[in-house]
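Fold and contact review
Residue-level listing of the chains:
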Amino acid sequence: MATSNNTDPPIGHFYDALHANYIAALGDKLDNPSSYEGAVTEHLRVSGVYWSLAALSLLRDSEEVDQLMGLTSSKGERSAIVDWVFACYDSRTGGFGGNCSGGVDAPCPHDGHLLYTLSALQILAMADCMDDERLNKEAIVKFVAGLQNEDGSFSGDEWGEVDTRFSYCALSCLALLGKLPLPNWENRHDTNSESDNKRPIIDIYKAVQYIISCRNFDGGFGSVPGAESHAGQVFCCIGALSIAHSLHLLNDGIDKSSSSGGADLLSWWLAERQCDSGGLNGRPEKQADVCYSWWILSALSIMGRVNWINTSKLGQFILHCQDDDDGGIADRPTDMPDVYHTFFGLCGLSLIGHLGKIGDREGKLYREVDPVFALPLDVVKKLGLRAQVISGCRGEVEERLLIHSILDGSIKQTNSE
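The following refers to the structure shown. Position numbers for residues count from 1 along each chain, tracking the sequence in the order it is written. Only residues with pLDDT of at least 70 are given local features in this predicted model, and only at 80 or more are side-chain atom pairs given and counted; all residues enter the totals for whole chains, interfaces and linings. Water and hydrogen atoms play no part in the side-chain values, which are based on all heavy atoms of the structure.

**Brief notes about the overall build of the protein chain**
Runs of E in the DSSP output that reach at least two residues are strands. Runs of H or I that reach at least four are helices, and both are numbered from the N terminus. Across its full length, the protein chain carries 16 helices and six strands. Taking all 417 residues of the protein chain together, the buried fraction comes to 59%. Across the protein chain, contacts joining residues at least 24 apart in sequence account for 63% of those joining residues at least 6 apart. For the protein chain, the accessible surface area stands at approximately 17600 Å², while carbon and sulfur atoms represent 48% of it. Each residue gets one of three labels from its accessible area relative to the maximum for its type: buried under 20%, exposed over 50%, partly exposed in between, using a 1.4 Å probe on protein chains only. Whether two residues touch is decided by their heavy atoms; if any such pair falls within 4.5 Å, the residues are in contact. Areas reported here follow the Shrake-Rupley algorithm with a probe of radius 1.4 Å; residue values treat only the protein chains shown as occluding.

Below, the structure written as structure tokens:
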């Protein structure tokens, strides 16, 4: 049963033009080494560009985004963003670095890292450049696969830091490249991309079992086994399980009398992150922060339980964090806006259906965000990406999620053991 989000629209004005202008103007600030924005994002510029493009892509169509940002063509003295992204490719490792400080014609001085490799691929996906001849898919796949550890975890780069963020990045990268081997839980010695004489690119079974090992007694997930539950890590783990079509594993080790198992336990923990202000925090006893509008809502959307929080109050909180002078969205009211919180604030408004309501009222057609891949829904459809989501307690599914495989959330699933 397909449903749309039918919550009452939050009270507050949405500054569409200011937000679009704020995002479009960030390019000049980021390119200026003496600017605050340029200095603090120098090492992660690829991710900053992804947040900017993805944010504007929810407000404008692809042609307008290209015109405003110079995505595929140069804008003034600035090279096209796509050309700049390819200049951030680290041919030594096979991944993308966070910047290319030497310019588009100089070797990339930044080491390849999973975080920036995913951001680079997301940018190329929005630019419809996944078939660009400069994209060395084979080398990128080898880079990602080479970072998987014996226990199934992934390191971010050759220096070895392990974090469930990198599990999500690895699986998402492989999915975007069309190279992710999906598990066959009825026959663990087979995958849908494995031939008799070819080993799978990664051990997908170990990858998802490692993620499950990072789950805590409260239903949440940490960065490594035994680490504190954190909403950001929850998205990474739920998103990775979704991409790997393994959300049924949430029921492993859960009370068998519970019909919905681990999804309910985790959703309760996420719902308890809502503060009196209406905003969401990442851990108990912390302040609300707009970015968790994405980290929490995306996971709840994947599990079919967005209605477990007060979406109207959350919408009000996000709108109160807008800068009504210069545009952009801050972490909380009266703070300075930044592109990170602007993107995730817009994602939050999209996931509760409020952007659509604004568009209907103002005659605009806003694009929806996909909660699994953090890309505009039309981009996900065009790439043919298909993950797994869980239906709501009564079998309902948001219309935007119908492109994915649906796991019945009201029926106990078979344990993988």
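Still more ground to cover, so stick around.
**Focus on empty space enclosed by the protein**
Any residue with an atom within 4 Å of a point lines the site, the site being either a cavity, points on a 1 Å grid over the protein atoms alone where a 1.4 Å probe fits but cannot get out, or a pocket, an open set with protein on both sides within 12 Å along at least 5 of 7 lines. Grid points are joined across faces, edges and corners, and a volume is the space filled by probe spheres set on the points. Taken as a whole and assessed by the stated rule, the structure comprises two cavities of 30 Å³ or more. Here the second largest cavity defines a volume of roughly 50 Å³. Forming the walls of the second largest cavity are S57, S62, V65, L71, M126, R367, P376 and V379. A class-by-class count of the residues in the lining of the second largest cavity yields five nonpolar, two polar and one charged. When residues are grouped by polarity, Ala, Val, Leu, Ile, Met, Phe, Trp, Tyr, Cys and Pro land in nonpolar, Asp, Glu, Lys and Arg in charged, and all others, Gly among them, in polar.

**Things to note about helix α7 (residues 137-145)**
Considered for burial, the residues of α7 that qualify are I140, V141, F143 and V144. Each buried residue of α7 sits inside an arc of 160 degrees when the element is viewed along its axis, so together they form one side. α7 presents E138 and K142 as exposed residues on the side facing more than 90 degrees away from its buried surface. Each element contacted by the buried residues of α7 is listed here: β2 (89-90), β3 (95-96), α6 (114-126) and α8 (164-176). Of all possible arcs, the one meant is that of the directions from the helix axis to the C-beta atoms.

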